[in-house]
Amino acid sequence: MSNSISRIGNKAFFNCNGLTKIKLSTNITFVGYDVFTGTPWLDDQPFGLLYVGKVLYTHIGKITNETNVKIKEGTIAIADYAFVDQEELRSIIIPNSIKHIGSCAFQYCSGLVSINIPNGVTKIEEYTFENCSKLSSIDIPDSVVSVGYNAFNNTLWYHNQPDGGVYINKVLYKWKNKELIDTSLIIQDDIVSISPCAFNDKDICKTVTSIIIPKDVIDISTSAFCGCCNVALIIVD
């Protein structure tokens, strides 16, 4: 594979059942999901972390509670679904070189209790930590300015957040608990982004009639206020 190649898209070699040998570029910085699924090459990889260029692609084999997971320095990305369904993963050391963590990367890692997201990561993708039910401690750097849909759904961390707006740095991630919603909703000052489906609770949508959005907001994401059928007034403060 030519060293000029930096990206491999989703399912690029999916079910190439004659593919037994690949010479990978060392300059790859993005690898999509299911790129090598169904290839003999992937089946022959040894147990442990599998890197494709500068990307941590996946972990081969099931992690046990005795497995120490440490991503090597110089890795810049964790691919989509890299650790999905690794229920015995308890903790992981992520180097400061990481700039991107893919969607669903830790989805259903129900044993994960803490994680330290390195400074330099700017976006937490959709479903990244969804159903990490024991995840209670998350160190999120100031560099994060965007949070995807249900990134922390069904985590202990989200459960422990106080009612009202759940803010991550300058991102409004979710509005929690309909009982705190008045007919007029005022979003916290200095927020620059509202996450997808932040107000997708049907009971919340039925209650709110007006919304005050701070002037610094530059991104209102997909379906942020979808279904808020009684909203008659939006004010940019």
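Note that residues are indexed from 1 along each chain, following the sequence as it is written. Reporting of local features is limited, given that this is a predicted model, to residues whose pLDDT is at least 70; pairs of side-chain atoms are given and counted only at 80 or more, and all residues count toward the totals for whole chains, interfaces and linings. Side-chain calculation: all heavy atoms of the structure are included, whereas hydrogens and water are not.

> Explain the overall build of the protein to me, using residue names and the numbers behind them.
In terms of helices and strands, the protein carries three helices and 17 strands. In terms of its C-alpha atoms, the protein occupies a principal-axis envelope of roughly 60 × 40 × 30 Å. Counting only carbon and sulfur atoms, one obtains 48% of the accessible surface of the protein, whose full area is about 11700 Å². By the counting scheme adopted, Arg and Lys are positive, Glu and Asp are negative, and His together with the chain ends is not counted. In plain terms, the charge of a residue is placed at NZ if it is Lys, CZ if Arg, CG if Asp and CD if Glu. Of note, the protein has its 19 positive side-chain charges centred 7 Å away from the centre of its 24 negative side-chain charges. Under the scheme used here, helices are H or I runs from DSSP no shorter than 4 residues and strands are E runs no shorter than 2 residues, and both carry numbers assigned from the N terminus. With residues, only the protein chains shown are counted as cover, and all accessible areas are computed by Shrake-Rupley using a 1.4 Å probe.

> Could you give me a rundown of the pattern of salt bridges, with the residues and numbers involved?
Any Lys or Arg side-chain nitrogen located within 4 Å of an Asp or Glu carboxyl oxygen qualifies as a salt bridge. Evaluation of the coordinates by the stated rule reveals two salt bridges. In this structure, the salt-bridge partner of Glu88 is Arg90, at a minimum N-O distance of 3.2 Å. Accessibility expressed as a relative area gives 33% for Glu88, which makes it partly exposed. Residue class for Arg90 comes out partly exposed when judged on its relative accessible area of 33%. In this structure, Glu125 engages Lys123 in a salt bridge whose closest nitrogen and oxygen atoms are separated by 3.6 Å. For every residue, the accessible area (1.4 Å probe, protein chains only) is compared with the maximum for its type, and the residue is labelled buried under 20%, exposed over 50%, or partly exposed between those bounds.

> Summarise the environment of Tyr81; cite the residues concerned and give the values.
Within the secondary structure, Tyr81 sits in the loop between strand 5 (77-78) and strand 6 (100-101). On the accessibility criterion, Tyr81 (36% relative accessible area) is partly exposed. Contacts between residues were defined by any pair of non-hydrogen atoms, one from each residue, lying within 4.5 Å. Sequence-distant contacts of Tyr81, that is, excluding residues within four places in its chain, are made with Tyr33, Ser103, Cys104, Ala105 and Gln107.

> Pulling in residues and values, what's your account of unusual backbone geometry?
At Asn150, a residue that is not glycine, the phi angle is positive and equals roughly 55°. Mapped onto the elements of the fold, Asn150 is located in the loop between strand 10 (146-147) and helix 2 (156-159). Positive phi, normally seen in glycine, also occurs at Asn169, with a value near 55°. Looking at where Asn169 falls in the secondary structure, it is placed in the loop between strand 11 (164-168) and strand 12 (171-176). Among the residues examined, Asn169 registers a relative accessible area of 29% and is labelled partly exposed.

> Explain the confidence of the model for the protein to me, using residue names and the numbers behind them.
In the predicted model, the protein carries a mean pLDDT of 90, and 94% of its residues have values of at least 70. A residue's pLDDT is the confidence the predictor assigns to it, expressed on a 0 to 100 scale. Put simply, helix 3 (residues 202-207) is where the protein has its lowest mean pLDDT, 68, and strand 4 (residues 55-60) is where it has its highest, 97.

> Account for empty space enclosed by the protein, with residues named and values stated.
If you roll a probe as big as a water molecule over the atoms, it shows you where there is empty space left. Every definition here rests on a 1 Å grid over the protein atoms only: cavities are sets of points where a 1.4 Å probe fits but cannot get out, pockets are open sets enclosed by protein on both sides within 12 Å along at least five of seven lines, and lining residues have some atom within 4 Å of a point. Grid points are joined across faces, edges and corners, and a volume is the space filled by probe spheres set on the points. Enumeration over the complete set of coordinates arrives at one cavity of 30 Å³ or more. Roughly 40 Å³ of volume is contained in the largest cavity. In terms of residue class, the lining of the largest cavity is made up of six nonpolar, one polar and one charged. Think of it as three bins: nonpolar holds Ala, Val, Leu, Ile, Met, Phe, Trp, Tyr, Cys and Pro, charged holds Asp, Glu, Lys and Arg, and polar takes everything else, Gly as well.

> Run through the nonpolar core, naming residues and quoting values.
Formed by 36 residues in total, the largest nonpolar core has its most connected members in Ile78, Phe83, Phe106 and Phe152. When sequence neighbours within four positions are dropped, the list of residues in contact with Phe152 reads Ile124, Phe129, Ile138, Ile140, Val147, Trp157, Tyr158, Ile168 and Tyr173. Here, nonpolar core means buried Ala, Val, Leu, Ile, Met, Phe, Trp, Tyr and Cys residues that are tied together by side-chain atoms lying within 4.5 Å of each other.

> I'd like a description of the layout of surface pockets, backed by residues and values.
Of the volumes computed, that of the largest pocket is approximately 260 Å³. In this structure, the largest pocket is lined by 17 residues; those nearest its centre are Asp34, Thr58, Tyr81, Ala82 and Val84. A per-element tally of the lining of the largest pocket places strand 4 first, with four residues. Split by residue class, the lining of the largest pocket holds eight nonpolar, five polar and four charged.

> Outline the packing of aromatic side chains, supporting the account with residue identities and numerical values.
By convention, a stacked pair of Phe, Tyr or Trp rings (six-membered ring in the case of Trp) has centres within 6.5 Å and planes under 30 degrees apart, an edge-to-face pair has planes over 60 apart, and any other such pair is tilted. This model, assessed by the stated rule, comprises 13 aromatic pairs. Arranged with centres 4.8 Å apart and planes meeting at 50°, the rings of Phe36 and Trp41 form a pair that is tilted. Note on Trp41: relative accessible area 8%, which makes it buried. Note on Phe106 and Phe129: the rings are 5.5 Å apart at their centroids and 10° apart in plane angle, and the pair reads as stacked. Taken together, the residues Phe106 in the loop between strand 6 and strand 7 (114-116) and Phe129 in the loop between strand 8 (123-124) and strand 9 (137-139) connect sequence positions 23 residues apart. Comparing Phe106 with Phe129, the two get one shared label, buried. An aromatic cluster is defined as three or more aromatic residues linked by ring pairs; in this entry it consists of Phe83, Phe106, Phe129, Phe152, Trp157, Tyr158 and Tyr173. Whether a charge sits over a ring depends on NZ of Lys or CZ of Arg being within 6 Å of the ring centre and within 35 degrees of the ring normal. Note that Lys72 overlies the ring of Tyr51, its terminal NZ or CZ placed 4.3 Å from the centroid.

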